[in-house]
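Examining the three-dimensional arrangement
The lines below spell out each chain.
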Amino acid sequence: MPRLLSSASALFVGRSPGLQKAPPYISLLLILVGVAWLFMLPLNDYSRRTYISENALLPGQVHTYFGGSDQNVLRAYRHEVGALENNTNTEVNDKLEHMFRSMGLKVGRQNYTYTTSGNTIAGENVYAILQAPRGDATEAIVLVAAWRNVKGEFNRNGLAVALALTRYFKRWSLWSKDIILVVPPDSRAGTQAWVDAYHDSHDSRRVADLPIKSGALQGAIAIDFPQEERFEGVHIVYDGVNGQLPNLDLINSVTNIASGQMGMGSSIQNMFHHNDQYRDRLTCMLRGMVNQGLGHAVGPHSSFIPYHVDAITIQPVGQGWHDEMGLGRLIEGTFRSLNNLLEHLHQSFFFYLLMQKERFVSIGTYLPSAMLIAANFTITAIALWVKSGYAPEATGKDVTKEKKESIDTQKAAQKESEETHPTVERDLYLPLTLVTGCQFLGFVPLFVFNHAPASLLTPLFVVTTLLSLILPHALSFFLVTTYKPTHQQYQLITSFFLLLLGMFLSTLATLNFSLAFLVGLLATPLTFVHPFRLTKQLPAAGYAYSALLSLLNPGVVVLGAAVATLHSGLGLGLAGLNLSPWEAIQKVLEEGAFGWGVWGMYTPLIFWCVWFPAWVVGSVVVLG
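Per an unreviewed UniProt entry, the protein chain goes by GPI transamidase component GAA1 and derives from Apiospora arundinis.

**Description of the sheet that holds strand β10 (residues 352–356)**
An order of β1-β11-β10 is seen for the 3 strands of this open sheet, with the pairing classed as antiparallel. Single-partner strands in this sheet number two, and they are β1 (48–49) and β10. Strand direction decides the pairing type here: β10 and strand β11 (residues 359–362), joined by 4 bridges, are antiparallel. Within β11, the residue paired with Leu 354 across the bridge is Phe 360. Sheet strands touched by helix α10 (residues 363–388): β10 and β11. Its angle to β11, the strand with the most contacts, is close to 65°.

**Concerning the pairing of strand β8 (residues 265–268)**
The side chains of a regular strand alternate between the sheet's two faces. Strand direction decides the pairing type here: strand β7 (residues 231–237) and β8, joined by 4 bridges, are parallel. Looking at the pairing, His 235 lines up with Ser 267 of β8. Tracing the backbone out of β7, into helix α7 (residues 248–260) and back to the parallel element β8 gives a crossover that is right-handed.

**A few points about a nonpolar patch on the surface**
On the surface, Phe 39, Met 40, Leu 43, Tyr 46 and Tyr 278 cluster together to form a nonpolar patch covering roughly 410 Å² of accessible area. Mapped onto the elements of the fold, Tyr 278 is located in helix α8 (residues 278–294).

**A short note on unusual backbone geometry**
One non-glycine residue, Asn 242, lies in positive phi territory at about 60°. Tracing the backbone shows Asn 242 in the loop between β7 and α7. A relative accessible area of 7% places Asn 242 in the buried class. In this structure, Asp 276 is a non-glycine residue whose phi angle is positive, near 60°. Following the sequence through the fold, Asp 276 ends up in the loop between β8 and α8.

Parameters and conventions
Residues numbered from 1 in each chain as written. Predicted model: local features only at pLDDT ≥ 70, side-chain atom pairs only at ≥ 80, totals over all residues. Heavy atoms only, no water. Pairing = 2+ DSSP bridges. Helix = DSSP H or I, 4+ residues; strand = E, 2+ residues; numbered from the N terminus. Contact = heavy atoms within 4.5 Å. Axes fitted to C-alpha atoms, helices over the stretch in contact; angles between N-to-C directions. Right-handed = clockwise from strand over helix to strand, strands pointing away. Patch = residues over 30% accessible without salt bridge, like charges linked within 9 Å, V, L, I, M, F, W, Y side chains within 5 Å. Areas by Shrake-Rupley, 256 points an atom, 1.4 Å probe, with all protein chains shown as cover. Salt bridge = Lys/Arg side-chain N within 4 Å of Asp/Glu carboxyl O. Buried < 20%, exposed > 50% of the residue type's maximum accessible area, 1.4 Å probe, protein only.

Structure below.
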C-alpha cells in the first residue's frame, strides 16, 4: 500500500506543472528561513540565561585558602621557572621532575614525535600525580600548564601558579579524586600525545606509553598566563577539536566562581567588552561558530574534549588589580567543585551556542537553521529525480502548428483511453559514473595537502585551484563531444550530487553544526544549477552563473578567508602577523595538515570530499 501511494504521489507531481515549478522556490524559501533563523537566535525570545544543572558542583560555596605564605612559594617557583626559559626540553623536565618528587608526587615522562608537512615535532611531557587521601584512584582531575601557549609565548606565570597550587593541594586531605599536573613543552602536540596515551588510543611508533596512570578523567583546567602585570578578568576558552564542546556546567561554574567569589570579570570568544546587546551577542555567536567550524584546537584543553573529558583554558586578560593568587583561588574553587562530583558531568548541555558568558541557545533551537539549508538540496534532488522519469513536454517554439494539433489529438486519445502519463527509462550509467568519479577525485588533494612538505604547499595550492577552475570546462567539453548528455542525464547528475550533499550536511549538522551551516551556505548556489545552453536560455546567464560558481570555488574561498584572518581576531591565529596572502595560505594549509595528522581533525575531509566534488559537478552541469 505505501508503495502504491508513493507511486501515485510521484505520478501526481510529474503530471502537475505547478508542482514541477515549485521545488526551486521551496529551496530558496528554506535557505532564506535558515539564514533568518540564525540571525534571530540572539534575541531574548530564542536564547536563555545559563544555569547550573548539576547541584553537586556547588560553585562558590566553599571558602578558598590559597594565599598568605603561598604567595612567597609562588614567587620562588616563578623565579626558578624563569631561569629555565632558554634551557632544552630535557633540562627543563629534569628540574621539574626534581620539584615534583620533592613534593612527594609520583612522576612520569613521555616522549612523542609527529611528522607533518615535512616537519618533525618532537618533545617530552612531564607529569605528576597527587594521590587523593580519600580516593581509590578511580577518578582524577587534570591541571595543565604548558611550557608555551598556543601563540608560542613562555607561560611562566601559568606554570608558577600550577606548581604553587599543586604544593598547596598536597597539604589538604579533602580530595576524593587524584590531581594530575601535566606540563607539556607546547600546547598543541604535547597535550594531544599525553591524552591519547592516557586513553590507550595512540600510535606507539610516534607516542610513547605513559609509565603511570590514575583513574577516569573527570575534568581538566589549563592555565595560559604569560603576561607579567596584574589582570582585570579571565578569558574562558572552551572550543574543542572538531567543534566539540565541554559540558556547559563547567563554564557556568568558572563564571560563577569568578564573578561571585573572586570579583573578577569573565569573557568568552575575545569579547572583552560585551554590552549584552544584539550586535555583540551576534558577533560572539559567529566567532564561536567560526572556531567550531574550523575544528582546530584553540588551547591545551581542546585535546581532552573528544574523549568526553570536560575541559577549558583560563587566560587572565586586561590590566587590573587581580594578581596570581586570585587566579590560584579561582582554580582552587573550580577544583573543589569538581571534587564534589559523584558522577561525570552529564545533566547540562554539550551542544550549545554562547551569546555571552551568561546567555546561550541549545541544539534544539539552533539545529533547524542548518537542517533547513541541508534540506533544500534534498528537496531539489528528489524533484529532479521525479522529473527525469517523464518525457519532457514540447513547447510552442519547438513544434509547428501541425505538430501541435497532432500532440493535442494524441493527448485527447490518451485521456479517452485513460493511459498513464508518458514515462521514460532513466539512463543512469553516465550520471552515476560522473558523480562517483568526482566524489573519489576529492581524495587526491586530501592526500596531497596532508603529506606534502611545507615549502610546496603554496605552489600546490595555486596549481590545484587553477586546475579546479579548468576541470569543469574540460569535463563538460569531454562529455558534450563524446557522450552528448541529454537533458534527462543532466537532471540525474544534478539529482545525485545534491542528494549526496544534502545527506552529508544533514548528518554533519548533528556533529558539528557550525561546519555544516558554513559549507551549506557557501554551496547554496549549487541548488539552482542547470545546463543553460541545453535549455536554450541566454548564454550570458550561463556564463554569469559559471562566474559566480568560480568565485565560490573552494580554493578561492580559502584564499579569501586566509586574507580575512590577517585583519581580524578570528580563525587560525593569523591576526596581527606581517604575512603576505601566500604566506597566510601556507599557514592555513599547515594547520590543516597538522590537525589531520595530530588532532584527528576532519575539516579537510569535509572540504575536499564533500564540498569540492559537489562544486565540480555543479559547475559541469552549468556548462553543459
